[in-house]
Amino acid sequence: MKKVAEYSAYVVVFAVLCAAVLPAQAIAHLSAYRTPLFIVTEAFEPLIFPPDADLKGMDYEITEAVFQSLNIPIIIEFYPFKRCLVMLKNKKADGLIDLLATPERRNFMFFPDEPLSKSADVIFHLADRPVKINSLEDLKHYRVETQLGYDYPNGLLKFLVNREKVETLEQNLNKLVLKRIDIIVENCIVGRFAVKTMGFSHKVATTGLPGEFINRYHIGFAQKKGYRRLAENSAMH
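Each value, and the rule that gives it
Residues numbered from 1 in each chain as written. Predicted model: local features only at pLDDT ≥ 70, side-chain atom pairs only at ≥ 80, totals over all residues. Heavy atoms only, no water. Core = buried A, V, L, I, M, F, W, Y, C linked by side-chain atoms within 4.5 Å. Buried < 20%, exposed > 50% of the residue type's maximum accessible area, 1.4 Å probe, protein only. Contact = heavy atoms within 4.5 Å. Helix = DSSP H or I, 4+ residues; strand = E, 2+ residues; numbered from the N terminus. Axes fitted to C-alpha atoms, helices over the stretch in contact; angles between N-to-C directions. Left-handed = near helix turned anticlockwise from the far one by under 90°. Nonpolar A, V, L, I, M, F, W, Y, C, P; charged D, E, K, R; others polar.

## Points about the nonpolar core
- Residues V40, L88, L96, L173 and F221 are the most contacted members of the largest nonpolar core, which totals 54 residues.
- Here V40 is in contact with E77, Y79, C84, M87, L88, A93, G95, L96 and I97, once residues within four sequence places are set aside.
- Within the second largest apolar cluster, 15 residues are counted, among which are I123, Y152, L156 and I183.

Written out as structure tokens, the structure is:
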């Protein structure tokens, strides 16, 4: 219950602050559009639940609250993450929830200064096959799976050299349990939720990475007219 209360409070504070810092002229300009902003995302439980779930998720609710406070209608639809990136790049969607603001993505998206949420990456491995990671170089010795379109903070990806790519975290966890890979590097909140949901809590354990690898999940906006200002002012100050 404490986490739910904290999430609710965060949603309210974020929305109020966004409304406070966005200039009235910009609000009027954006609110004048009758067509809702088209926001895309991929299920990223528990931060973003799929559309058929009873819950929405913290980052989904923050997004709704921000645009509601600005009187800007939105539509949120779900697609595979790599397709979401292509849609933003081709300006087929207006925004994307929960992604890292990498240099490559800044070439075709605008990002607020402040993220929707922050959480760390950790290593997931079989409980009966512990891993020994003293430095990032040690990661190169393990078979690791990554997801299509995803990136990792602080240049972590360059150390994941012995890797394959799949569509979903569930595919990764199944391969881990079948011993087809050695480790998964994943968001600690999202990974632990998936492990519990899939009934793997007794089979899968976690180990910290050597260093701090914090994911800062943003709303990314397509580089359309007027969206730079929206991104610049949709941040907490």
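Continuing now.
## So, helix α5 (residues 169-177)
- Listed in full, the buried residues belonging to α5 are L169, N172, L173, K175, L176 and V177.
- Buried residues along α5 sit against β5 (117-126), β6 (144-147), β7 (163-166), β8 (183-187), α6 (188-197) and β9 (204-207).
- Among the residues trailing α5, K179 stands out with phi positive, at a value near 65 degrees.

## A closer look at the packing of α5 against α6
- Between α5 and α6, the shortest axis-to-axis distance is 10 Å and the interhelical angle comes to 65 degrees. Relative to α6, the crossing made by α5 is right-handed. Taken together, the residues of α6 that come into contact with α5 (itself represented by L169, E170 and L173) are V190, G191, A194 and V195.
- When grouped by side-chain class, the residues that make up the contact of α5 with α6 number 5 nonpolar, 1 polar and 1 charged.

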